[in-house]
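What follows is the residue order along each chain.
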Amino acid sequence: MCGIVGAVAERNVVQILLEGLRRLEYRGYDSAGVALLNNGELSITRRVGKVKALSDALDDESSLGTTGIAHTRWATHGGVTEVNAHPHTSSERFALVHNGIIENHKALRDALSDKDYAFVSDTDTETIAHTIAEARKHCDTLLESVLQSVKSFHGAYGTVIIDKEDPNTMVVARSGSPLVIGLGIGENFIASDQMALLPVTRRFIFLEEGDVAEITRTTVKIIDASGEKVEREVVESSVEHDAGDKAGYRHYMLKEIYEQPAVIRNTLQGRVTPDGISDDVFGEGSDEVFAKVENIKIIACGTSYHAGMTAKYWLEAYAGVCCDVEIASEFRYRKSVVKPNSLIVTISQSGETADTLAALKLAKESGYMSSLAICNVDGSSLVRESSLSFMTRAGAEIGVASTKAFTTQLAGFLMLVLAIGKHKGMSDTLKSSILQSLAELPSKLEETLTLADDIDDLAEEFSDKHHSLFLGRGDQYPIAMEGALKLKEISYIHAEAYASGELKHGPLALIDAEMPVIVVAPNNELLEKLKSNVEEVRARGGIMYVFADKDAHFKSDETMRVLDVPHCSEAIAPIVYTIPLQLLSYYVALIKGTDVDQPRNLAKSVTVE
Ligand code: HGA
């Protein structure tokens, strides 16, 4: 959340900062701001709303700065107002941007109350600026002031500060929120995500927890959490420069939906052989861990949690391993029992999800045998903190509502099922059938995407509704949950998902013609049960939209509209049936005119608690 970009250069950095913010806008879009240092002058420009409002406010010709920091905000403390927008200033000298939450901000405010600092915002962030300004009074350098100040911050921060009196320097600090240094020639940069800096460099240093760094045009000095000066590896980025482009699609979300066959092909590439899963796809030593594992605990949030829920069905049914799934924000604050030979599996697109990282930390202290991260960003905190990892190769996902990250996570879990099943007596027939299904998956997704026009039509009927129910059974229940989440996120229609056997235990009371019911109905062993649930809805005057296998023999009539989903094997059906639900939420949102890629109140990469 919150996007940060900073630069120290000889040239004017305004356009670099604005382009960086545009590339990070998916992380937060309540307000945006920039602080520039030029010829000894500090200027601040902030606007409520998107980066466009900020760039309109900055007159490109006259806005100048050779050092600058910029921010796009997702508010946690203090309303969405210009005065709460970052950068925050102190002493008319320092400007600072921050991603995270300073939990002891009230105590810090109190501690500064007898000093001469005028707090102008309601943010926690402003306390960082004044604390560092205060430290600067008795420290020789800005770096020393930051090193001293961070000792008093509780919570999470990725922060960057500049000082009018030292105009060629930025000092940055990372604890709980990611920061990456971009290395240029005679100029250097900082950002909360390398995506922001790809137009200007491909050489990066990923800061580690507790690092504080001083960055000038030609030098980078990093002090680690123990106070030692350290050298960190310089990494050449392999992320595509244009990963942030829409490639002709109207929205990132649509582009990302259509990329799914290709990115799943990538995710499988070189990892799936006719005999099974290649060695060490999940990291060195994974085979030994999988041979021993008896229990799996999956921890995730949001869409990734739904991937975990689906994986539970697969891991227990296909690999015969006991599996529990839990929401990270719950797990991290409860006392739980670790079963013998347990593997903790965490899932996060960004690898920076604060709740998931905290849950992993707790799990590592609680005696899990090993940890595996399923993640889309190499080098992210989750990957670094886990013993094993699986990279999903979905490419940059910009749309706030996750699509391709989800389906590649599911493809990864099918590989995990095979890698573990090998040690648990999985039959050759089952193994070959899953391998065959994986091989067919990309083309099945391509076929399923051809339903787009029919779904677009269906969305018309749907878009004036205020509530909806999504139904599925077995491994399609989490897919129904994911479908409901997508609709909520981008169309703001209230949507709930139920395992359809649960209907009679309460939710049937909601059924009437104003409550559309969406059903996912592949042709599997639960089909007849699902059909009975559909009849229960019909008997109560419900209107249904059924995504079904042709052989499931549903027929459209005045109360039920049926869309044929290409026939596919049971193992990949959850992935295939995800596609129509993504398209449905997309087209409904389009009709409703909501902001598809940046829905209200949300942000990508949830790096705050
Ligand atoms: N707490 C700060 C920064 C918020 C943030 O990092 N969001 O992701 C604020 O509310 O401005």
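See above for the structure.
Figured I'd write up the structure that's included with this text. (Residues numbered from 1 in each chain as written. Predicted model: local features only at pLDDT ≥ 70, side-chain atom pairs only at ≥ 80, totals over all residues. Heavy atoms only, no water.)

1. Here we look at the site of the ligand
Then step 1. Near the ligand you find 14 residues, and of these Met1, Arg73, Thr76, His86 and Gly100 are the closest.
Then step 2. Here Thr76 contributes a side-chain N or O atom positioned 2.7 Å from a nitrogen atom of the ligand.
Then step 3. Between the ligand and Gly100 there is a distance of 2.6 Å, counted from an oxygen atom to a backbone nitrogen or oxygen.
Then step 4. Taking 320 Å² as the accessible area of the ligand by itself, protein coverage stands at 100%.
Then step 5. Judged by the proximity of its atoms to the pocket grid, the ligand belongs to the largest cavity.
Then step 6. Of the residues forming the shell around the ligand, the biggest block, 3 residues, is contributed by strand 6 (residues 94–102).
Then step 7. Considered class by class, the residues forming the shell around the ligand number 5 nonpolar, 7 polar and 2 charged. (Near = heavy atom within 4 Å. Polar contact = N/O pair within 3.5 Å; in protein donor to acceptor, adjacent residues only side chain to side chain. Areas by Shrake-Rupley, 256 points an atom, 1.4 Å probe, with all protein chains shown as cover. 1 Å grid on protein atoms, 1.4 Å probe; cavity = no way out; pocket = protein on both sides within 12 Å on 5 of 7 lines; lining within 4 Å. Sits in = over half its atoms within 2 Å of the grid points. Helix = DSSP H or I, 4+ residues; strand = E, 2+ residues; numbered from the N terminus. Nonpolar A, V, L, I, M, F, W, Y, C, P; charged D, E, K, R; others polar.)

2. Re the pattern of salt bridges
Then step 1. Applying the stated criterion across every chain yields a total of 32 salt bridges.
Then step 2. Note that Arg332 is salt-bridged to Glu609, the shortest N-O span being 3.7 Å. In this pair, Arg332 is assigned in the loop between helix 10 (328–331) and strand 20 (342–348) and Glu609 in the segment after helix 18 (573–592), connecting sequence segments 277 residues apart.
Then step 3. On the basis of relative accessibility, which here comes to 18%, the residue Arg332 falls in the buried class.
Then step 4. Among the residues examined, Glu609 registers a relative accessible area of 45% and is labelled partly exposed.
Then step 5. Here Lys486 ties to Glu482 by a salt bridge, and the two come within 2.6 Å at their closest N and O atoms. Of this pair, Lys486 and Glu482 both sit in helix 16 (residues 477–491), 4 residues apart, roughly one helical turn.
Then step 6. With a relative accessible area of 1%, Lys486 lands in the buried category.
Then step 7. With relative accessibility at 2%, the residue Glu482 sits in the buried group.
Then step 8. Beyond isolated ion pairs, a larger network of salt bridges with shared partners links Glu19, Arg22 and Arg23. (Salt bridge = Lys/Arg side-chain N within 4 Å of Asp/Glu carboxyl O. Buried < 20%, exposed > 50% of the residue type's maximum accessible area, 1.4 Å probe, protein only.)

3. Examining the layout of surface pockets
Then step 1. Estimates place the volume of the largest pocket at around 1,300 Å³.
Then step 2. Lining the largest pocket are 47 residues; nearest its centre among them are Gln194, Val239, Asn376, Val377 and Asp378.
Then step 3. Mapped by element, the contributors of at least two residues to the lining of the largest pocket are strand 15 (235–236) and helix 7 (260–268).
Then step 4. Here the lining of the largest pocket gets 3 residues from one element, more than from any other, and that element is helix 7.
Then step 5. Considered as a void within the structure, the second largest pocket measures approximately 720 Å³ in volume.
Then step 6. Taken together, 33 residues form the lining of the second largest pocket, with Cys301, Gly302, Thr303, Glu489 and Val606 sitting closest to its centre.
Then step 7. The set of elements that each furnish at least two residues to the lining of the second largest pocket consists of helix 9 (302–319), strand 20, helix 11 (354–365), helix 13 (404–421) and helix 16.
Then step 8. When residues in the lining of the second largest pocket are grouped by element, the largest group, 5 residues, is from helix 9. (Points joined across faces, edges and corners; volume = space filled by probe spheres on them.)

4. Here's the deal with the pairing of strand 2 (residues 31–38)
Then step 1. Burial of strand 2 is extensive: 7 of the 8 residues sit out of reach of the surface.
Then step 2. In this antiparallel pair of consecutive strands, strand 2 and strand 3 (residues 41–48), the connection spans 2 residues, and Asn39 shows a positive phi of 45 degrees.
Then step 3. Here 7 bridges tie strand 2 to strand 4 (residues 67–73), and the two strands are oriented antiparallel to one another. Note on strand 4: the bridge partner recorded for Ala35 is Ile69. (Pairing = 2+ DSSP bridges.)

5. Details of the sheet that holds strand 4
Then step 1. Read across the sheet, 8 strands follow the order 3-2-4-1-10-9-11-15 without closing on themselves; strand pairing throughout is antiparallel. The two strands at the open ends of the sheet, each matched to only one other strand, are strand 3 and strand 15.
Then step 2. Most of the contacts of helix 1 (residues 14–24) go to strand 1 (residues 3–8), to which it runs at about 160 degrees, and overall it touches strand 1, strand 2, strand 4 and strand 10 (188–191). (Contact = heavy atoms within 4.5 Å. Axes fitted to C-alpha atoms, helices over the stretch in contact; angles between N-to-C directions.)

6. So, the pairing of strand 9 (residues 180–183)
Then step 1. The alternating pattern of strand 9 places Val180 and Gly182 and Ile181 and Leu183 on opposite faces, both of which are buried.
Then step 2. Of the strand pairs in this sheet, strand 9 and strand 10 are connected by 4 bridges, and their pairing is antiparallel. Its bridge partner lying in strand 10, Val180 is registered against Ala191.
Then step 3. Where strand 9 folds back on strand 10, the antiparallel hairpin that results is connected by 4 residues, among which Gly186 adopts a positive phi of roughly 70 degrees.
Then step 4. Alignment of strand 9 against strand 11 (residues 203–206), held across 3 bridges, turns out to be antiparallel. In the sheet register, Val180 faces strand 11, and the bridge partner there is Phe206.

7. Observations regarding the nonpolar core
Then step 1. Formed by 89 residues in total, the largest nonpolar core has its most connected members in Phe282, Ile296, Ile298, Phe413 and Phe547.
Then step 2. Counting residues per element, this core draws most heavily on helix 18, at 12 residues.
Then step 3. Leave out the neighbours within four places in its chain, and Ile296 touches Leu315, Val321, Cys322, Cys323, Asp324, Leu343, Val345 and Ile420. (Core = buried A, V, L, I, M, F, W, Y, C linked by side-chain atoms within 4.5 Å.)

8. Notes on the packing of helix 7 against helix 13
Then step 1. It is at 10 Å that the axes of helix 7 and helix 13 come closest, and there the two elements cross at 35 degrees. By crossing handedness, the relation of helix 7 to helix 13 is classed as right-handed. Where helix 7 abuts helix 13, its residues Gln260, Val263, Ile264, Thr267 and Leu268 lie against Lys404, Thr407, Thr408, Ala411 and Met415.
Then step 2. Partitioned by chemical class, the residues of the contact of helix 7 with helix 13 number 5 nonpolar, 4 polar and 1 charged. (Left-handed = near helix turned anticlockwise from the far one by under 90°.)

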